[in-house]
Each structure stands twice: as C-alpha cells, then as structure tokens.
Amino acid sequence: MALETSAQSPAPVRQIANAIAGWVDRLGAVWVEGQIAQVSRRPGVNTVFMTLRDAVADISVPVTCSRTLFDGLNPPLVEGASVVVHAKPSYYANRGTLSLYAREIRMVGLGELLARLERRRQLLAAEGLFAAELKRPLPFLPGKIGLVTAPNSAAERDVLENARRRWPAVAFEVAYAAMQGQRAATEVMEALDRLDRAADVDVIVIARGGGSVEDLLPFSDEALIRAVHRARTPVVSAIGHEPDSPLLDLVADVRASTPTDAAKLVVPDVAEELLLVAVARDRMRASLAGWLAREQAGLDALRSRPALADPRSLLDARSDEVLQLRDRARRTLGHVLDRAADDIDHRRARARALSPLATLQRGYSVLQDADGHVVTSVEAVAPDSPISVRVADGRIHATTTGIDPDPIGEPADTTEESHG
C-alpha cells in the first residue's frame, strides 16, 4: 500500500524506514547466486559477516550467517568462491542497511570446483605428501636443468632467456608436453619421468603461463601430484602467476610465483656471484695482509730487543759473571786450604807434644826388662838382669849391677843408673 505524502505533510524517516523493512520482510526467504567477495570473522562474535557480489554487474549485498553454519562447510568457504545462498532478506531501519541472513550455503560452478580441489588437498595433505620435511634443497649450480613446458610457449622463453641471462653457461634439457586439456596431466607425468631418469639432470622445472582455474586443473591432478612426490630429482613448480595456487605448488620442493621467478631460483646470477667472489677475495687479501703485518710487527719487536739485537752482550755479561765466580771460588778454596793447613799444624804440634818421643827428647828414658815390660819399680828387676833403655834416638842394652830402693818418705830419684 503506497504512502500518501506531500510537501505539506511529509512522512518522517522512521516511517519510511519501517515501511521499507516491512516490504523487505514480506519478500521471504530467497535463493541467491553470487560470488563471495569478503569474509570477516570477528573474535567473540557468533556471526560471520560476508559480502556477496553479483557475477556480472558491480552490485554486492552484505550476508550474515551463524558461525556454526560457516564452520560446518566442507571445504571451508573462501573468498572468490561461487555459491548459492538460501537467505532471508532483512532491512535494518536503524542503520538503513539491507542484508541477507544465510540459512544454507552451497558451492556451485567454480565454487564447486574449488570445493573439490580443497577436499583433494585435504586428503593428500593428510597422507603427508605436502610435508615440509620432504622438501629438498635446490643445487647451488645445477649441471643440467630439466624443463617441462609447452613447445614455443612464453613460459619456455621466460625460463630459458632469464636463466641464460643470469648464468650464460647453463644447460637445459627440455621435455615438451601439453600444458592444458585432458592429456596435459598424462604428458606432464611422462616428461617428468623421462627427466627424472636422466642421470645428468639436477633439477626439474614445470612451467606454464597464467590461466583460469579450469586451465590449471591438470596441475591439481592427483596422479600428477603423486608422480611429483615420487620423483628423486628436486622439482620446481612455476605454474601461472602469483595468485594461482594449483596443488602442484604444494607438493613441489620449491614454488615459483612465475616462470621468470623459477629461472631466478634454479641458477645464481653470475654478476652477483662474481661480485661476491671479488668481495671475498678482497677480504681474504685484507685478512692476510693484516696477519702478515701483525707477524712482521711481532718479529720487529723481537729483533729490537737487546738480546736479539746483539746476542754477544748476554754472553759477555755471563762471561764476566763466570770469571767473577771463578775468582771467588779460588779465593774461597785458598782460604779453606789455609785454614785446613793451620789446623793440621796445630793438631800436629799437639800430637807431638803428647808423643812419648817428645818426652824422651827432653832427656827421659824408658826402662824395659828382658820380656819388654816397662820397669816402674826396683822390685821388678833383680841384679844381673838384662834390661834395655829406650832413649830418643835408639835403645841401650845393659845389665843391672845393683838395686838401691829409695827410703820410705823420700822422693824417688828420677835418674836411674844402668851399666852396660
């Protein structure tokens, strides 16, 4: 029912907004086809906000759904997917916005295709075909590079020209294969197997230019993915452009965003390497020159020391010390010998003083009987007994003619007469 309004009796905004909300509400639930342009999942909110865009016209409408519905989609809903949404239109009068509340979401067309690819990706990932620990490093400078591409393609020219520009001596072995269509996956697998069996091929590049999702489907073929996984030679995936992501990118050892990028990844830049060699050579020279300078400075410091500048000075000083020590030793030995000689003289004099011979030299004598016993008393000999008298320079033999004892109390005469 149309509202009756005029310039004199206009309707307030709330009335118009409520009227629009009523008209939209009477539309009921509808099936809407479009493409997901944006997905927003806010933390702590049970509602997921999306934007559904028309596939032809530049028209979009906000869509909301419960988090349970969104999380239950398999494969997960991603931006760019084509979908059919069963939704209830709602007009929010307070904000003046129209949105669709989705009750069911289905993949269709390209979206359904992407859903199948996502399910395949999940299955292969669960088997471990995309594990990071399986990725092999590329050789620094491969002896020969295998290239799988379409004949006379832009991808072939990009890889060959850029690789040879970076490293002119690089060698290629090209295996041609169809890069789209029904036989593409089979021919790529055959070319890959042929290059993988070549002993001189160090790395294999699979290159194709950009294209639609349908054109790139062969590079998500499960048989091709498993063939790349079995390959012994490192594989570089250079399919399409940066936004393109076939499953081949996940199983390959290295993903290149473009064929040109693949050429940069498989061979080094000769100019950069020459610069690095020159820098390393300069650093080695500087290091060696510094080391030689330090060693020369050390040698100069050693040579400047007096001991090395004139080694004889040390010998002369030690020679003087030896002479001084020798003189001291001679003087010390002389003093020791002199003291020893004096001591010997003293001891000899004392021994002589104590010797009986010295007593005899002073006029004393020793009287012995015939048996050699020293006679100390007149009672020890009888008259006419042979005796001997020991004097300083010899012995006198005699016979006693008489014995005269001393009177008691009178000192004995120290002179004994004997007659020969």
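Structure: see above.
Residues numbered from 1 in each chain as written. Predicted model: local features only at pLDDT ≥ 70, side-chain atom pairs only at ≥ 80, totals over all residues. Heavy atoms only, no water.

**Notes on the nonpolar core**
Going by this rule: Among buried residues, those of type Ala, Val, Leu, Ile, Met, Phe, Trp, Tyr and Cys that are joined through side-chain atoms within 4.5 Å constitute a nonpolar core. Throughout, exposure labels follow a simple rule: accessible area from a 1.4 Å probe, protein chains only, divided by the maximum for the residue type, with under 20% read as buried, over 50% as exposed, and the rest as partly exposed. Comment: elements are numbered from the N terminus, with helices defined as DSSP H or I runs of at least four residues and strands as E runs of at least two. Note on contacts: a residue pair is in contact if any heavy atoms of the two residues lie within 4.5 Å.
Counting residues in each nonpolar core, the largest one holds 29 residues, and the members touching the most others are Val 148, Val 188, Ile 206, Phe 219, Ile 225, Val 228 and Leu 248. Among the secondary structure elements, those contributing two or more residues to this core are helix H5 (184–197), strand S8 (203–208), helix H6 (222–230), strand S9 (235–239) and helix H7 (248–251). Val 188 has contacts with Val 148, Ala 177, Ala 178, Met 179, Ile 206, Phe 219 and Leu 224, leaving out every residue within four places of it along the chain. Counting 20 residues, the second-largest nonpolar core is a separate cluster that includes Ile 145, Val 170, Ala 207 and Val 236.

**Observations regarding the pattern of salt bridges**
The condition is simple: We define a salt bridge as a side-chain nitrogen of Lys or Arg found within 4 Å of a carboxyl oxygen belonging to Asp or Glu.
With the rule as written, the count across this model stands at 13 salt bridges. We note a salt bridge from Arg 226 to Glu 127, for which the minimum N-O separation is 2.8 Å. In this pair, Arg 226 is assigned in helix H6 and Glu 127 in the loop between helix H3 (110–126) and strand S6 (145–149), connecting sequence segments 99 residues apart. For Arg 226, a relative accessible area of 25% corresponds to the partly exposed category. For Arg 318, the salt bridge is made with Glu 321, and the minimal N-O distance between the two is 3.4 Å. With Arg 318 and Glu 321 both in helix H11 (residues 311–354) and three residues apart, this pair spans about one turn of that helix. Residue class for Arg 318 comes out partly exposed when judged on its relative accessible area of 46%. What emerges from the salt-bridge pattern is a single network uniting Glu 127, Glu 222 and Arg 226.

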